[in-house]
Structures are given as structure tokens and as C-alpha cells.
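Next come the chains, spelled out residue by residue.
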Amino acid sequence: QRGEMLVHTQELHNISDISAQNTANQTQCPQSGDTYLGHHYCAFVPVKIDGNIHVVELDGTKIRPIDHGMIVGNNNSDDNNAFLRAVANIVKREWMALEPNRIDFSLMALVKKA
């Protein structure tokens, strides 16, 4: 009941919206370069561009989303295996190959239930 009241209270929505829009409450993107950014999260998402599925990286430490290109092979938006293979190749090529002895990262896949 309390949760329902919170969800449906317009005054709380208004206060939340005002707070979220205040520049003092916005997170600043750290400068890239030599600054160690520590552990953080990024996401790889399939995005349809000109009829083709691309792998796009969303990382808050970067200025903009990174388009890693079109998925090679089966370009069916329902082919989770092609997307997974594409992301695995990006991780191997662009992260693991640069620091092969580094073990302090992990991957997780969020997928629809079959």
C-alpha cells in the first residue's frame, strides 16, 4: 500500500523531476587519458542501422556510444548467438589482447528466456 501511494503521488513525481534536472545532481564524465577510472560498467547492445544489426558499446567513461560495426554472418536481429560471438570478438581483440594478464573483469549476458 505504501509503495502504491508513492508511485501515484504527483507531488513526489514533481520533486523527483526537479531534482533530476538540477545540474548539481548530474554526474560528470571523467576525463579519459592517463586517469585511472577504476572499475565501471559498460554495455554492448544490438542496434539496427540502415537495416543491419551493429554492436554498439555504451560506456559512461567515453564521450559517445561506440559503433563497433555490423555483425558479420547471420544479420538476423533474433540471432543472439551472432551478437554474442561479435561481442566476444570485440572483448578479445580490444580488451584482452591489450592486457592478457589482467583478470579483474567479467562479462554478463542479459537475454530473453527461450
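Read on for a plain summary of the structure. Keep in mind it's a predicted model, so treat the numbers as computed, not measured.

The rules behind each value
- Residues numbered from 1 in each chain as written.
- Predicted model: local features only at pLDDT ≥ 70, side-chain atom pairs only at ≥ 80, totals over all residues.
- Heavy atoms only, no water.
- Pairing = 2+ DSSP bridges.
- Helix = DSSP H or I, 4+ residues; strand = E, 2+ residues; numbered from the N terminus.
- Axes fitted to C-alpha atoms, helices over the stretch in contact; angles between N-to-C directions.
- Contact = heavy atoms within 4.5 Å.
- Expected span 1.5 Å × (residues − 1).
- Buried < 20%, exposed > 50% of the residue type's maximum accessible area, 1.4 Å probe, protein only.
- Patch = residues over 30% accessible without salt bridge, like charges linked within 9 Å, V, L, I, M, F, W, Y side chains within 5 Å.
- Areas by Shrake-Rupley, 256 points an atom, 1.4 Å probe, with all protein chains shown as cover.
- Salt bridge = Lys/Arg side-chain N within 4 Å of Asp/Glu carboxyl O.
- Phe/Tyr/Trp six-rings, centres within 6.5 Å; stacked < 30°, edge-to-face > 60°.

## Details of the sheet that holds strand 1 (residues 42-49)
(1) Moving on: Taking strand neighbours across the sheet as the criterion, the 3 strands line up as 1-2-3 in an open arrangement whose pairing is antiparallel. The open sheet has two edge strands with one neighbour each: strand 1 and strand 3 (66-70). Averaged over all adjacent pairs, the angle separating strand axes in this sheet is 25°, with direction ignored.
(2) Moving on: Helix 3 (residues 80-96) contacts strand 1, strand 2 (52-59) and strand 3 of the sheet and is inclined by roughly 125° relative to strand 1.

## Focus: unusual backbone geometry
Most peptide bonds adopt trans geometry, and most residues besides glycine take a negative phi value.
(1) Moving on: We note that Asp50 has phi near 50°; this positive angle belongs to a residue other than glycine.
(2) Moving on: Summarising the element assignment, Asp50 is placed in the loop between strand 1 and strand 2.

## Some remarks on helix 3
(1) Moving on: In this model helix 3 runs 22 Å from its N-terminal to its C-terminal C-alpha over 17 residues, within 8% of the 24 Å that 1.5 Å per residue would give.
(2) Moving on: Buried within helix 3 are the following residues: Ala82, Phe83, Ala86, Val87, Ile90 and Val91.
(3) Moving on: As for helix 3, its buried residues are in contact with strand 1, strand 2 and strand 3.

## Brief notes about a nonpolar patch on the surface
(1) Moving on: A cluster of nonpolar side chains, Met96, Phe105 and Leu107, forms an exposed patch at the surface whose accessible area comes to about 280 Å².
(2) Moving on: Along the polypeptide, Met96 turns up in helix 3.
(3) Moving on: Note on Met96: relative accessible area 37%, which makes it partly exposed.

## Concerning the packing of aromatic side chains
(1) Moving on: For the structure shown, the criterion picks out 1 aromatic pair.
(2) Moving on: Between Phe44 and Trp95, the ring centres sit 5.7 Å apart and the planes meet at 50°, which makes this aromatic pair tilted. Of the two residues, Phe44 is situated in strand 1 and Trp95 in helix 3; the sequence distance between them amounts to 51 residues.
(3) Moving on: For Phe44, a relative accessible area of 15% puts it in the buried group.

## Some remarks on the pattern of salt bridges
(1) Moving on: Under the criterion given, the structure shown has 3 salt bridges.
(2) Moving on: As a salt-bridge pair, Arg102 and Glu99 come within 3.4 Å of each other at their nearest N and O atoms.
(3) Moving on: Note on Arg102: relative accessible area 33%, which makes it partly exposed.
(4) Moving on: The exposure class assigned to Glu99 is partly exposed, which follows from its relative accessible area of 42%.

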